[in-house]
Amino acid sequence: MMTFNEAMDNTNFASLLIEGRIDEHLNRLKREFTSILNANKVLKEENAQLRGEHYKDEELSKLKCELVTVKTNNEFLLTDEEAKRRYEFMEHLKTCERYKKLGTYSYEVTPTPIGKAVDLKCCCGYEMELIKL
């Protein structure tokens, strides 16, 4: 397909007018314009698809990094219920007189073949099972 500039270079516009071939030239320009619009539409669709795939790849990459962090640091992820129990334990600490003086509590992690059991222990002796197996 010939571009507009190529068409203008290859054809003398005045001669087109004289010969009455202006309609031919306009039709050629319309076809080229339609072709460009179609290519633009296809490129927009491909771009949207690639952005979607990039987002998925980016999200997977973040999740893989999080998994590596959890595995290497022996951390643990909490479910909503476990997070609620942890919050309840933290509320206990706000009212515990011994904790206010000593300021210590601990996570007791017990590895098992099927996962990790985690208990929260306050310096006053209060215990809460955070992650149950």
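1. Here we look at the packing of aromatic side chains
Working definition: an aromatic ring pair is given by the centre-to-centre distance plus the angle between the planes. Taken as a whole and judged by the stated rule, the model has 4 aromatic pairs. With centroids separated by 5.9 Å and ring planes inclined at 20°, the aromatic side chains of F89 and Y126 adopt a geometry described as stacked. You can see F89 sitting in helix α4 (residues 80-95) and its partner Y126 sitting in the loop between β2 (115-122) and β3 (127-131), a full 37 residues away along the chain. With relative accessibility at 0%, the residue F89 sits in the buried group. An aromatic cluster of three or more residues is present, and its members are F89, Y99, Y105, Y107 and Y126.

2. Looking at the confidence of the model for the protein
This prediction gives the protein a mean pLDDT of 79; 78% of its residues lie at or above 70. Looking across the protein, the model is least confident in helix α1 (residues 4-10), with a mean pLDDT of 57, and most confident in α4, with 90.

3. Topic: the pairing of β2
The pairing of strand β1 (residues 105-112) with β2 spans 8 bridges and is antiparallel. The residue of β2 that forms the bridge with S106 is K121. Two successive antiparallel strands, β1 and β2, enclose a turn made up of 2 residues. Sheet topology places β2 next to β3; 4 bridges connect them, and they run antiparallel. Bridge pairing in β3 links D119 to E129.

4. What to know about the nonpolar core
Grouped together as the largest cluster of nonpolar side chains are 10 residues: F89, M90, L93, C96, V118, L120, C122, M128, L130 and I131. For this core, the secondary structure elements donating two or more residues are α4, β2 and β3.

5. Here we look at a nonpolar patch on the surface
A contiguous nonpolar surface patch, about 230 Å² in accessible area, is contributed by Y105, Y107 and V109. Within the secondary structure layout, Y105 lies in strand β1.

Analysis parameters
- Residues numbered from 1 in each chain as written.
- Predicted model: local features only at pLDDT ≥ 70, side-chain atom pairs only at ≥ 80, totals over all residues.
- Heavy atoms only, no water.
- Phe/Tyr/Trp six-rings, centres within 6.5 Å; stacked < 30°, edge-to-face > 60°.
- Helix = DSSP H or I, 4+ residues; strand = E, 2+ residues; numbered from the N terminus.
- Buried < 20%, exposed > 50% of the residue type's maximum accessible area, 1.4 Å probe, protein only.
- pLDDT = per-residue confidence, 0-100.
- Pairing = 2+ DSSP bridges.
- Core = buried A, V, L, I, M, F, W, Y, C linked by side-chain atoms within 4.5 Å.
- Patch = residues over 30% accessible without salt bridge, like charges linked within 9 Å, V, L, I, M, F, W, Y side chains within 5 Å.
- Areas by Shrake-Rupley, 256 points an atom, 1.4 Å probe, with all protein chains shown as cover.
- Salt bridge = Lys/Arg side-chain N within 4 Å of Asp/Glu carboxyl O.

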